[in-house]
Amino acid sequence: MWKWLHPYANPETSYHLVGKLIPWFAVVSGALLTIGLFWGLLFAPPDYQQGDSFRIFYLHVPAASLSMGIYLGMAIAAFCGLVWQLRLAGAAVAAMAPVGAVFTAIALISGAAWGKPMWGTWWIWDARLTSELILLFLYLGVMALNSAFDDKIAAGKSAGILALVGVINLPIIKYSVEWWNTLHQGATVSKLGKPSMTLDMFYPFVFCFLGFAFLSAVIICIRFQSQILQHNVTRPWVKKLVTVEENKHAV
Amino acid sequence: MQFDSFSAFLDMGGYGFFVWLSYGSAFLLFAILLWSSLSGHKHTKQQIIKKLNRDEKLRQRAQQSSAGVEP
């Protein structure tokens, strides 16, 4: 497996591989989100208790699960970067942090807009909400550390350590609704076995979730490309790439 | 279709403000993130080109002065 993976540790190979993936991811994301959001907003039946306010679910739950998923990905990259000194891993951490931060912010905002009509409050210092807010601060911390050093290697190391330490927050978010008494409802779709909702509500969720996942992949790939270029400014292949692209646009 | 008219769709059974607030802010945030990522990528390439041009000029000047030719 290492032999097979090895070429992808080469920045030039990764740059071009990611460049080829971006348009495909964008098309898949656009198609899935169009289907999922139309289905969820127009055709899924209203909830018997929450009425049409439950349609925030199709945004809130994918955003919240992806905010944790992206963090896990970022922490794995940080681990690889710290243990095997992979330069590309640092680039991946830097690429993922802002995207994860936006997903966390969306989960918090849509959660507040859902909490107001259902719980009667925009915000409450409850275990689930507070731990998700801490996740946002962890992302912002990783971003700040990445831009705090001129030396990309030192920046990657310190940001990687924060990302790894922050992993402890993930199980806290996941199980906060079980460990503490909270206003937030328990898991609906991320349970092993059957999701506790009817299938005509569940299918649009699957489309939305995958659509948002591919959207995050598109943006992460774009940012990963920028990071690779910034890490390899002095390499001949980068020089060749930017000059060729400049000439293409100049003509 | 769960809604009889477009205005009923916008109203979301009385929850219109909250539903569209969350979808609207999410759309705005994604748009900003996508735009900043694309313009950031462009900016990175332009910075590298600027650096290459600067290095090239420095190299030429160094060559000229070592050859003893005044520009």
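Residues numbered from 1 in each chain as written. Chains lettered and ligands numbered in written order. Predicted model: local features only at pLDDT ≥ 70, side-chain atom pairs only at ≥ 80, totals over all residues. Heavy atoms only, no water.

You'll find chain B entered in an unreviewed UniProt entry as Heme exporter protein D, with Psychrosphaera algicola given as the organism. Heading Sequence similarities (unreviewed entry) of the UniProt record for chain B holds this comment: "Belongs to the CcmD/CycX/HelD family." Under the UniProt heading Subcellular location (unreviewed entry), the entry covering chain B gives this text: "Cell inner membrane". (UniProt positions renumbered as here; feature names shortened; annotations may be inferred.)

> Residues and numbers for the overall build of chain A, please.
The helix and strand inventory of chain A stands at nine helices and zero strands. The N-to-C order of helical and strand elements in chain A reads α-α-α-α-α-α-α-α-α. With the principal axes as the frame, chain A shows a C-alpha extent of 60 × 40 × 35 Å. Pairs at least 24 apart in sequence give 74% of the contacts found in chain A among residues at least 6 apart. Here chain A displays about 12,700 Å² of accessible surface, and carbon together with sulfur accounts for 70% of that area. Of note, chain A has its 16 positive side-chain charges centred 8 Å away from the centre of its 11 negative side-chain charges. (Helix = DSSP H or I, 4+ residues; strand = E, 2+ residues; numbered from the N terminus. Contact = heavy atoms within 4.5 Å. Areas by Shrake-Rupley, 256 points an atom, 1.4 Å probe, with all protein chains shown as cover. Lys, Arg positive; Asp, Glu negative; His and termini not counted. Charge placed at Lys NZ, Arg CZ, Asp CG, Glu CD.)

> Tell me about the side chain of Thr44(B), residues and numbers included.
Here Thr44(B) lies in helix H2 (residues 16-66). A polar side-chain atom of Thr44(B) sits 3.2 Å from a polar atom in the side chain of Gln230(A). For Thr44(B), the residues in contact, after removing those within four places along its chain, are Ser226(A), Leu229(A) and Gln230(A). (Polar contact = N/O pair within 3.5 Å; in protein donor to acceptor, adjacent residues only side chain to side chain.)

> Mind laying out the UniProt feature "transmembrane region" (unreviewed entry) in chain B, listing which residues take part and the relevant values?
Within this numbering scheme, the UniProt entry marks residues 12-35 of chain B as carrying the feature "transmembrane region" (unreviewed entry). Taken as a whole, residues 12-35 of chain B contains 83% helix and 0% strand, while its terminal C-alpha atoms sit 30 Å from one another.

> Provide a residue-level description of the interface of chain A and chain B, including the pertinent values.
Between chain A and chain B, the residue contacts involve 43 residues of the former and 31 residues of the latter. Of the roughly 3,300 Å² buried at the junction of chain A and chain B (both faces included), carbon and sulfur atoms supply 79%. Summed over the shared surface of chain A and chain B, the result is one salt bridge. Ionic pairing is found between Glu245(A) and Lys45(B), a salt bridge with its closest N-O pair at 2.6 Å. Between chain A and chain B we count nine residue pairs in polar contact (both at pLDDT 80 or more) in total. Those elements giving two or more residues to the side of chain A that touches chain B turn out to be helix H2 (11-43), helix H3 (57-84), helix H4 (87-119), helix H8 (199-231) and helix H9 (236-250) of chain A. Of the residues forming the side of chain A that touches chain B, the biggest block, twelve residues, is contributed by H4(A). The class makeup of the residues in the side of chain A that touches chain B is 30 nonpolar, six polar and seven charged. (Buried area = accessible area lost by both parts, 1.4 Å probe. Salt bridge = Lys/Arg side-chain N within 4 Å of Asp/Glu carboxyl O. Nonpolar A, V, L, I, M, F, W, Y, C, P; charged D, E, K, R; others polar.)

> Can you break down the environment of Ser67(A) residue by residue, with the values?
Residue and element names in this part refer to chain A. Counting through the fold element by element, Ser67 comes out in helix H3. In this structure the C-alpha to C-alpha distance between Ser67 and Ala112, which are 45 residues apart in sequence, comes to 16 Å. Not counting the four nearest positions on each side in its chain, Ser67 is found in contact with Gly100, Phe103, Thr104, Glu132, Leu135 and Tyr139. Side-chain polar atoms of Ser67 contact the side chain of Glu132, separated by 3.0 Å.

> Pulling in residues and values, what's your account of the environment of Asn169(A)?
Residue and element names in this part refer to chain A. Along the chain, Asn169 falls in helix H7 (residues 169-179). For Asn169 and Ser131, which are 38 residues apart along the polypeptide, the C-alpha to C-alpha distance reads 6.9 Å. The contact partners of Asn169, leaving out residues within four places of it in the chain, are Ser131, Ile134, Leu135 and Leu138.

> Describe in detail the confidence of the model for chain B, supporting the description with residues and values.
Taken as a whole, chain B shows an average pLDDT of 88; of its residues, 94% reach a score of 70 or greater. Predicted as a complex, the structure gets a pTM of 0.90 and an ipTM equal to 0.88. (pLDDT = per-residue confidence, 0-100.)

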